[in-house]
Each structure stands twice: as C-alpha cells, then as structure tokens.
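Spelled out, the chains give:
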Amino acid sequence: MKLADLRQEYMRAGLAEADADADPFRQFQRWFDDALAAKLPLPNAMTLATADADGRPSARIVLLKGVESGGFVFYTNYRSRKGRELAARPAACLVFQWSDLERQVRVDGAVHRVSAAASDAYFASRPLGARLSAWASAQSEKVASRAALEKAAEEVRARHGDDPPRPSHWGGYRVVPDAIEFWQGRANRLHDRLLYTRAGAAWTIERLAP
C-alpha cells in the first residue's frame, strides 16, 4: 500500500462549545479520564517540542507526571538536550494523541522547573532501577557501548546502594500554558478544534478551522 493511500475517516464523536468545560484543565481531565477508561497504552505519553537558542526545533516523547499548580509536569535530566534547550528558550509545546478516541490536545506555554522538594518526592517514588539510571546515564551524550552504560549503573549501585539520592542535575519541569487546543476528529476532515487562550485569570474559547 502507498503511504498516500493510508487514511481513515473519523466518526466517533464531536466537540461542541456548549459541551466544553469553561476551564481547559477540567476539559483535559475529562478527556484524560476517557483515555484511561478506554485502557489506551500510555495515555500520559506526550510529545515535547523545544527549540535551541538558534530556533532549531527538536521533539521527543515524555510522560506526563502531574497536572498541578496550573501546569503540566514531567521529569528529566536537566543536562539532556531538552534540558539545555529549555535553559536557552524556556517555552515548549506538548501534544497528546489518543488515536483510538480520535483526539489530540496541544499545550503551548512557558516552562519552569518545579521545586527541589517536588523533584525529591517524585524521585523517591521511582523504581530503584530508574533512580540508579538517573545517575548512570549522561542523557543525550555519546556512550561507548551498552556494556559501558551497564557498568556505570553497577558502579552507582555499589556507591549508593538501594537508596540513591536525587542527582542535582535531574528534576521536574512545569509547562504553564497560555493556550490549549482540543482536537476531535470528524467526518470529511471537518474536525472540531477548540482553542482556549488565557485572558488574565480567565480563558477564552474560539473555534479554529480544521
């Protein structure tokens, strides 16, 4: 089959202004709950798009770990490529895609580090292997071999045992949105797109052409 022939019709549902919550965070929770109820794999997976100081974009999949304090929270290595890019340009775009529900959510906003206390609490909740790898892996840097990476993890285990502290170069970010778009697939590509834009303490809702 040719790539150009791969397509589908979107027939599941619609998204009307009258049915949308006035608060985009509550609307997101509704849709996230639907994704959980549908037992979708990794419903908290999201594309994180950033740009370097010269405006060159990059993107990768990360996991949402909280919706709190008016933002979407994820955790990573601050020295990684995304960490360096966020230091240079502290803004990002997130995209959630729930294909089985024919839905997407796009989040645009400024990015801030979460508190050290919040990072400590989340780090302590991770499985031991994940905590050791945060020390062993110089994320985004070149590594000589798989064996070298595994050896580094063993050395970390020997040094810290079963209770490694959080590395200072690892922690959380919060994306604080100024815009959130909800996309619902519809027949004949006449999709529903509702854009929430922050207006002071409130939000405006506008419909976008598909």
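Sequence order as written defines the numbering, with residues in each chain counted from 1. Since the coordinates come from a predicted model, pLDDT governs what is reported: local features require at least 70, and pairs of side-chain atoms require 80 or more to be given and counted, while whole-chain, interface and lining totals use all residues. Excluding hydrogens and water, the side-chain figures rest on all heavy atoms present in the structure.

Caption draft 1: Quick peek at the layout of surface pockets. Considering only enclosed or pocket space, the largest pocket measures out at about 370 Å³ in volume. Cavity and pocket criteria rest on a 1 Å grid covering protein atoms alone: a 1.4 Å probe that fits but cannot get out defines a cavity, protein on both sides within 12 Å along at least 5 of 7 lines defines an open pocket, and an atom within 4 Å of a point defines a lining residue. Lining the largest pocket are 17 residues; nearest its centre among them are Tyr75, Thr76, Arg126, Gln139 and Trp170. What counts as a helix is a DSSP run of H or I of at least four residues, what counts as a strand is a run of E of at least two, and both are numbered from the N terminus. Per-element tally for the lining of the largest pocket: the top contributor is strand S2 (residues 57-63), with 4 residues. Here the nonpolar group is Ala, Val, Leu, Ile, Met, Phe, Trp, Tyr, Cys and Pro; Asp, Glu, Lys and Arg are the charged ones; every other residue, Gly included, is treated as polar. The residue makeup of the lining of the largest pocket, split by class, is 8 nonpolar, 5 polar and 4 charged. Grid points are joined across faces, edges and corners, and a volume is the space filled by probe spheres set on the points. Considered as a void within the structure, the second largest pocket measures approximately 180 Å³ in volume. Where the lining of the second largest pocket is concerned, the elements lending two or more residues are strand S1 (45-51) and strand S5 (91-98). By residue class, the composition of the lining of the second largest pocket is 9 nonpolar, 3 polar and 1 charged.

Caption draft 2: Up close: the side chain of Arg60. You can see Arg60 is positioned in strand S2. For every residue, the accessible area obtained with a 1.4 Å probe (protein chains only) is divided by the maximum for its type, and the residue is called buried under 20%, exposed over 50%, and partly exposed between those limits. By relative accessible area, Arg60 is classed as buried at 18%. Polar contact is defined as a pair of N or O atoms within 3.5 Å, subject to the rule that within protein one atom must be able to donate a hydrogen and the other to accept it, and that residues adjacent in sequence are counted only when both atoms are side-chain atoms. Of the polar contacts made by the side chain of Arg60, one reaches the side chain of Ser58; its length is 2.7 Å. Whether two residues are in contact is decided by their heavy atoms: any pair within 4.5 Å suffices. Not counting residues within four places of it along the chain, the set of residues in contact with Arg60 comprises Met46, Thr47, Leu48, Ala49, Thr50, Arg81, Lys82 and Glu85.

Caption draft 3: Examining the pattern of salt bridges more closely. Any Lys or Arg side-chain nitrogen located within 4 Å of an Asp or Glu carboxyl oxygen qualifies as a salt bridge. Applying the stated criterion to the full structure yields 19 salt bridges. Of the charged contacts in the structure, one is a salt bridge between Arg106 and Glu181, with a shortest N-O distance of 2.7 Å. Taken as a pair, Arg106 in strand S6 (residues 103-113) and Glu181 in strand S7 (residues 170-184) lie far apart in primary sequence, 75 residues in all. Its relative accessible area of 5% is what places Glu181 among the buried residues. The salt bridge involving Glu181 is made with Arg193; its shortest N-O contact spans 2.6 Å. Highlighted residues: Glu181 in strand S7 and Arg193 in strand S8 (residues 192-199), separated in sequence by 12 residues. Residues joined by salt bridges that share partners form a network here, namely Glu17, Arg186, Asp192 and Arg207.

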